[in-house]
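# A look at the structure
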Amino acid sequence: MRAHEAGALHGDIGNRGPAWLRSPEDVNALVPQLWPRTVVRTDEGVLEVGGVSVTDLAAEHGTPAYFLDEDDLRARCRDFKEAFADADVYYAGKSFLCKAVVRIVDEEGLFLDVCSGGELAVALAAGFPAERLGFHGNNKSVSELRRALDAGVGRIILDSFHEIDRLTELAREAGKRPAVLIRVTVGVEAHTHEFIATAHEDQKFGFSLAGGAAFEAATRVLDDGVLDLRGLHSHIGSQIFDTSGFEVAARRVLGLQAQIRDARGVELAELDLGGGFGIAYTTQDDPSPASDLAKRINKIVDAECQAESLQRPKLSIEPGRAVVGPAVFTLYEVGTVKNVDGIRTYVSVDGGMSDNIRTALYDASYSATLAGRASTEPPILARVVGKHCESGDIVVKDEFLPADVQPGDLVAVPGTGAYCRSMASNYNHVPRPPVVAVRDGASRVIVRRETEDDLLALDVG
Ligand SMILES: Cc1ncc(COP(=O)(O)O)c(C=O)c1O
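Computed from a predicted model, the values in this text were never measured in an experiment.

Attention now goes to the overall build of the chain. Scanning the chain from N- to C-terminus turns up 12 helices and 21 strands. Scaling as 2.2 N^0.38, a compact globule of 461 residues should have a C-alpha radius of gyration of about 23 Å, and the chain matches this with 23 Å. Projected onto the principal axes, the alpha-carbon positions of the chain cover approximately 70 × 50 × 40 Å. Buried residues in the chain amount to 57% of all 461 residues. Of the contacts formed within the chain by residues at least 6 apart in sequence, a portion of 72% connects residues at least 24 apart. Carbon and sulfur atoms form 49% of the exposed surface of the chain, whose accessible area is close to 18400 Å².

Printed below as a string of structure tokens:
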């Protein structure tokens, strides 16, 4: 049930790749938990998603491109909504946001968490009901907060004393009483990459529980009486498999809830335990289904409320990666193949770190498969790399691909729905790929391909 983000990039041992990576019996086989649910390999050996072949999709939309299995995304929204039936499920827009996804999230009855003025703009432009929005961020500007107030955003998650002062003043001016949560740093070391762990003391988010800042923030908001304090929030990190971190977080936040009750006679009605649920990127990952996560987290919350004699607060969660991550794969075309004797084969594709920064940034592990055809050749250890002028421009560190992989081949990388397009860049002036939704035998562009003209349009010098 565990995954370790830190791959064996620097420690791999020659032509065998990391210990967990097994040479597959059948190099064409698809590992079910890695792919969106409508993806199949046809008898002709071509991958299909939503009833459309990747060769047709590549012909129509080009490569590189992100392909979103719309039925898969909707099913994951439903899985979380049904599993956490008594909770408000916020889709974390930071994982991937565009108007089409906002509408799907709305239609599936989820809430939406945004963390910048830009994400708020996308949500409102897609007509998402503001009362079902949560607004996050460790440094929300006055204008962002004013826009959130004007729009009537449902929950603003406070992250600093400066923000309390800023929002209190804006609310007084506007004669409004926005509902807020206080983000608590619970001091949990989440078992994940340091850059996506967010609840240990030495990081930028939230009010420290151990240091007393969280209690002080709550009493300050209650004293002012301008902001409507609904509850507490905690987000311990991302790509987490081990729910013990959520257990500690729930215990500590509910402990603070009891402390506030005892000190102020106020029993806060809400508890938001954030997101962070891990997904499968490789065969070493074994994520828990939403139903299991819900059972465990509800059990934890019930036990802690009993221990503290607290009314059970209304629970919220904020999954991003686990909702959109597995619903998307990236399709690339192979440009060059280079064998480094005795070590591995480098397969260069027409994208790279500009469309998927996670391998370079977090040493993330990914998988890949030949998508436009099947092969009878034996597997070889390959590294799928990008076209950028950067040796760290790696998409898939270690994967077995057929020995006859060649220029012109299509290669698909699953699990790229989260933190790929949303973190994409124009490094080396490479335009960002489109996002194409596929369903019932049809495809539609939901984010169009960026062009060099788009980049030049910004270049006004
Ligand atoms: C406050 C908050 N909520 C939710 C999320 C979503 O996390 P994940 O995509 O891992 O579910 C994040 C991610 O960083 C976050 O910072």
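After that view of the structure, there is still more to cover.
Bringing helix 4 (residues 117–125) into the picture now. Buried within helix 4 are the following residues: G117, E119, L120 and A123. Around the axis of helix 4, the buried residues are gathered within 160° of arc, so they sit on the same side. Buried-residue contacts for helix 4 involve helix 3 (99–107), strand 6 (111–114), strand 7 (133–135) and helix 5 (142–151). Positive phi appears at G127, one or two residues downstream of helix 4, with a value of about 75°.

Another aspect to go through is the nonpolar core. Formed by 109 residues in total, the largest nonpolar core has its most connected members in F80, Y91, L158 and I182. Broken down by element, the residue count for this core peaks at eight residues, all from helix 8 (residues 244–264). The residues that make up this core include at least three from each of domain 1 (2–68 + 326–457) and domain 2 (70–324). Once you skip the residues sitting within four places of it in the chain, F80 turns out to touch V89, F277, A290, L293, I317, P319, A322 and V323. Residues L47, F67, A280 and A412 belong to the second largest nonpolar core, which totals 20 residues.

Here the focus is the site of the ligand. In the vicinity of the ligand, 15 residues are found, and the nearest of them are S238, G276, E318, R321 and Y419. Within the side chain of S238, an N or O atom sits 2.3 Å from an oxygen atom of the ligand. Taken together, the residues that form the shell around the ligand break down as three nonpolar, seven polar and five charged.

So, about the packing of helix 5 against helix 6 (residues 161–174). Between two packed helices, what matters for the description is the angle formed by their axes and the separation of those axes. As a packed pair, helix 5 and helix 6 sit with axes 10 Å apart at the nearest point and diverge in direction by 45°. Classified by the angle their axes make, helix 5 and helix 6 are oblique. Relative to helix 6, the crossing made by helix 5 is right-handed. Two secondary-structure elements touch here, helix 5 through V142, L145, R146 and L149 and helix 6 through E163, R166, L167, L170, A171 and E173. Residue composition of the contact of helix 5 with helix 6, grouped by class: six nonpolar, no polar and four charged.

So, on to the sheet that holds strand 2 (residues 47–49). One open sheet holds the three strands; their spatial order is 1-2-3, and the pairing between them is antiparallel. Two strands in the sheet have a free side with no partner beyond their single neighbour: strand 1 (40–41) and strand 3 (52–53). Sheet topology note: the strand 2/strand 3 ladder contains two bridges and is antiparallel. Pairing of E48 across the sheet is with S53, part of strand 3.

Considered domain by domain, the chain is made up of domain 1 (2–68 + 326–457) and domain 2 (70–324). With centres defined by C-alpha atoms, the gap from domain 1 to domain 2 works out at 32 Å. Counting from both sides, the interface comprises 35 residues of domain 1 and, opposite them, 33 residues of domain 2. A combined buried area of about 3300 Å² lies between domain 1 and domain 2, and 58% of that area is made up of carbon and sulfur atoms. Viewed at the interface, domain 2 and domain 1 are joined by five salt bridges. Between R37 and D72 there is a salt bridge, and its shortest N-O distance comes to 2.8 Å. On inspection of domain 1 and its partner domain 2, the count reaches 13 residue pairs in polar contact (both at pLDDT 80 or more). Looking at the side of domain 1 that touches domain 2 residue by residue, the class counts come to 19 nonpolar, eight polar and eight charged.

With that out of the way, let us pick up the packing of aromatic side chains. Considering all chains together, one arrives at nine aromatic pairs under this definition. Aromatic pair F80 and F277: ring centres 5.9 Å apart, planes at 25°, arrangement stacked. Linking F80 in helix 2 (residues 70–83) with F277 in the loop between strand 12 (270–272) and helix 9 (290–307), this pair joins segments that are 197 residues apart in sequence. Exposure class is identical for F80 and F277. Each is buried. Every member of this aromatic cluster is reached through a ring pair, and the members are F80, F84, F246 and F277. The ring of F135 has K140 sitting right over it, with the charged end atom 5.8 Å from the ring centre.

We now examine the confidence of the model for the chain. The share of residues in the chain with pLDDT of 70 or more is 96%, and the mean pLDDT across the chain is 94. Note on residues 1–14: pLDDT under 50 across the span, and 35 contacts to partners over four residues away in sequence or across chains.

Here we take up the pairing of strand 17 (residues 379–385). Burial within strand 17 is extensive, with five of its seven residues counted as buried. Where strand 15 (residues 344–349) meets strand 17, four bridges bridge the pair, whose relative direction is parallel. By the bridge assignment for strand 17, V347 is matched with V384. In terms of strand pairing, strand 17 meets strand 18 (residues 394–402) through six bridges, oriented antiparallel. Pairing of I380 across the sheet is with L401, part of strand 18.

As a further point, take the side chain of S234. Mapped onto the fold, S234 is located in the loop between strand 11 (228–233) and helix 8. Residues in contact with S234, not counting those within four places in the same chain, are V184, V186, A249, V253, D272, L273 and G274.

Quick notes on the rules
Residues numbered from 1 in each chain as written. Predicted model: local features only at pLDDT ≥ 70, side-chain atom pairs only at ≥ 80, totals over all residues. Heavy atoms only, no water. Helix = DSSP H or I, 4+ residues; strand = E, 2+ residues; numbered from the N terminus. Rg over C-alpha atoms; globule rule 2.2 N^0.38 Å. Buried < 20%, exposed > 50% of the residue type's maximum accessible area, 1.4 Å probe, protein only. Contact = heavy atoms within 4.5 Å. Areas by Shrake-Rupley, 256 points an atom, 1.4 Å probe, with all protein chains shown as cover. Arc of directions from axis to C-beta. Core = buried A, V, L, I, M, F, W, Y, C linked by side-chain atoms within 4.5 Å. Domains from an automatic or database assignment. Near = heavy atom within 4 Å. Polar contact = N/O pair within 3.5 Å; in protein donor to acceptor, adjacent residues only side chain to side chain. Nonpolar A, V, L, I, M, F, W, Y, C, P; charged D, E, K, R; others polar. Axes fitted to C-alpha atoms, helices over the stretch in contact; angles between N-to-C directions. Parallel < 35°, antiparallel > 145°, perpendicular 65-115°, else oblique. Left-handed = near helix turned anticlockwise from the far one by under 90°. Pairing = 2+ DSSP bridges. Buried area = accessible area lost by both parts, 1.4 Å probe. Salt bridge = Lys/Arg side-chain N within 4 Å of Asp/Glu carboxyl O. Phe/Tyr/Trp six-rings, centres within 6.5 Å; stacked < 30°, edge-to-face > 60°. Lys NZ or Arg CZ within 6 Å of the ring centre and 35° of its normal. pLDDT = per-residue confidence, 0-100.

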